[in-house]
Amino acid sequence: MKTTILMLGGSRRVSLADLFKESGRRSGVEVEIIAYELTKHVPIALAGKVLEGRKWSDPDVVEDIARVVKEYNVDIILPFVNGAVEIASRCKDEIPGVFVPVSDFSITSRIFDKVEAAKVFKDNGFPIPITYSIINNEMPAIVKPRKGGSSRGISIFYDVEDLMHLENLDSYIIQEYIENAREYTVDCYIDSKGRILTTVARERIEVMGGEVNRTKTCRIERIIEMSREVISKLKLTGCVTLQFLHDPKKDRYLLMELNPRLGGGVICSIFAGAPITDYILAEAQGKELEACDDWKSDVLMARYLKEAIFYE
């Protein structure tokens, strides 16, 4: 039996592709990886076939992905960058016969504008950092581009006058800056029936370019309970990554981001015992899934660089 996974923007997810193949071998399934990228010269070529595709903003991108699904008999579609998540949600609605474990378009279309996401979080009663307006704010403040990721364009301001010199302020979100805050991620998987199967919390110890380099699982019940509340209220399904801040001064946990996709650090959670790759393959085959809460705490993941060389 063969299962073909189409990765949207999975250019660096070689380790995860290998884990999918291992999951397949355990269940007697041959897993084939296909990646939909802007260039063929990306590391995922070490683990599968790379197809040059269209930009996520291209009006015909879903139609092109549907062509790939048909041509390569794709069984599963997984997004790995923010821009691909909305596209995957549309594929879920528009391409029959393929399994796409992402949340509905009604939520994915709103969550990648940080100002809009803050409104969603606030309207649902989730604790978040205080969000300021341009004329009503307090220093210090952290300023982030409304759209975009990988920690690009983030600045901390200690003076209002300096903040006012920032061009296109409307394209940013301004929030309270919490000194000495610790960052946590929760890797979650929710089946298509809405059952929360696993929620693994881990501390983001070292981050480079928005990607976690060192992370360690930690069983913090307050974060896990908050994650389950977010999932339930927003009716999220599939792969979900939540990010929280801990304010040590006030001992409060604040929801920072919601990414309805697999995060780069999910590898740590999988090695800690959360069978997320198993879940995806099994659900695509229509199998019954059992919840997993016996993952190990204090599992540390440290990353290193590895090269992919291409010869013309």
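Just above sits the structure.
Thresholds applied
Residues numbered from 1 in each chain as written. Predicted model: local features only at pLDDT ≥ 70, side-chain atom pairs only at ≥ 80, totals over all residues. Heavy atoms only, no water. Helix = DSSP H or I, 4+ residues; strand = E, 2+ residues; numbered from the N terminus. Rg over C-alpha atoms; globule rule 2.2 N^0.38 Å. Buried < 20%, exposed > 50% of the residue type's maximum accessible area, 1.4 Å probe, protein only. Contact = heavy atoms within 4.5 Å. Areas by Shrake-Rupley, 256 points an atom, 1.4 Å probe, with all protein chains shown as cover. Lys, Arg positive; Asp, Glu negative; His and termini not counted. Charge placed at Lys NZ, Arg CZ, Asp CG, Glu CD. Core = buried A, V, L, I, M, F, W, Y, C linked by side-chain atoms within 4.5 Å. Pairing = 2+ DSSP bridges. Expected span 1.5 Å × (residues − 1). Axes fitted to C-alpha atoms, helices over the stretch in contact; angles between N-to-C directions. Left-handed = near helix turned anticlockwise from the far one by under 90°. Nonpolar A, V, L, I, M, F, W, Y, C, P; charged D, E, K, R; others polar. Parallel < 35°, antiparallel > 145°, perpendicular 65-115°, else oblique.

This next bit is on the overall build of the protein. When helices and strands are tallied, the protein shows nine helices and 14 strands. Relative to a compact globule of 312 residues, whose C-alpha radius of gyration would be 20 Å, the protein shows 20 Å and is just as compact. Principal-axis analysis of the C-alpha atoms gives the protein an extent of 60 × 40 × 35 Å. Counting the 312 residues in the protein, one finds 50% classified as buried. Of the contacts formed within the protein by residues at least 6 apart in sequence, a portion of 64% connects residues at least 24 apart. Total accessible area computed for the protein in this model is approximately 15700 Å², and 47% of it derives from carbon and sulfur atoms. Here the protein holds 42 positive side-chain charges and 48 negative ones, and the gap between their average locations is 2 Å.

Moving on to the nonpolar core. Membership of the largest hydrophobic core comes to 73 residues, with the highest contact counts inside it found for Ile5, Leu16, Ile44, Phe121, Tyr189, Leu242 and Ile280. At six residues, the largest contribution of residues to this core is made by helix H7 (residues 221–234). Core analysis: the second largest hydrophobic core is formed by 20 residues, Leu6, Leu8, Val74 and Ala88 among them.

This part takes up the pairing of strand S10 (residues 196–208). The pairing of strand S9 (residues 182–190) with S10 spans seven bridges and is antiparallel. Residue pairing across strands places threonine 185 opposite arginine 202, the latter belonging to S10. The turn joining S9 and S10, which pair antiparallel and follow one another in sequence, is formed by five residues; a positive phi near 90° is taken by glycine 194. Bridge count between S10 and strand S11 (residues 211–217): six bridges; the pairing is antiparallel. Each residue of the ladder has a partner; that of glutamate 206, found in S11, is arginine 214.

Turning our attention to unusual backbone geometry. Here the residue pair methionine 139 and proline 140 is connected by a cis peptide bond, since its omega of -5° sits within 30 degrees of zero. Considering the arrangement of structural elements, one finds proline 140 in the loop between strand S5 (131–132) and strand S6 (141–145). Even without glycine at this site, asparagine 180 takes up a positive phi of about 60°. Note on placement: asparagine 180 falls in the loop between strand S8 (172–176) and S9. For asparagine 180, a relative accessible area of 65% translates into the label exposed. Phi at lysine 235 takes a positive value of approximately 55°, unusual for a residue other than glycine. The class of lysine 235 is exposed, set by a relative accessible area of 66%.

Let us look at helix H3 (residues 82–94). Between its first and last C-alpha atoms H3 spans 19 Å; for 13 residues at 1.5 Å apiece the expected length is 18 Å, and the two agree. Taken together, the buried positions of H3 are occupied by Ala84, Val85, Ile87, Ala88, Ser89 and Cys91. Those residues of H3 that are buried lie in contact with strand S1 (2–8), helix H2 (61–72), strand S4 (76–79) and helix H4 (105–111).

What follows is about the sheet that holds S6. Overall, antiparallel pairing links the four strands, which are arranged S5-S8-S6-S7 in an open sheet. Of all strands in the sheet, those bounded by a partner on one side alone are S5 and strand S7 (155–157). Here S5 pairs with S8 via two bridges, running antiparallel. In the sheet register, threonine 131 faces S8, and the bridge partner there is glutamine 175. Sitting on the sheet, helix H5 (residues 114–123) is in contact with S5, S6 and S8, with an inclination near 50° to S8.

A few words now on the environment of valine 62. Checked against the element boundaries, valine 62 lands in helix H2. C-alpha of valine 62 to C-alpha of threonine 237: the two residues are 175 residues apart in sequence and 21 Å apart in space. Residue contacts for valine 62: discarding those within four places in its chain leaves Ile87, Arg90, Cys91, Glu94 and Ile95.

One way to put it is that H2 packs onto H3 with a least axis distance of 10 Å and a crossing angle of 60°. Crossing angle aside, the handedness with which H2 passes H3 is right-handed. Taken together, the residues of H3 that come into contact with H2 (itself represented by Val61, Val62 and Ile65) are Ile87, Arg90, Cys91 and Glu94. Of the residues that constitute the contact of H2 with H3, the class distribution is five nonpolar, no polar and two charged.

The next subject is the packing of helix H1 (residues 14–26) against helix H9 (residues 276–284). Here H1 crosses H9 at 60°, and the two axes come no closer than 9 Å. Comparing the axis directions of H1 and H9 gives the class oblique. Here H1 and H9 pass one another in a crossing that is right-handed. Contact residues: Leu16, Leu19, Phe20, Ser23, Gly24 and Arg26 in H1; Thr277, Asp278, Ile280 and Leu281 in H9. The class makeup of the residues in the contact of H1 with H9 is five nonpolar, three polar and two charged.

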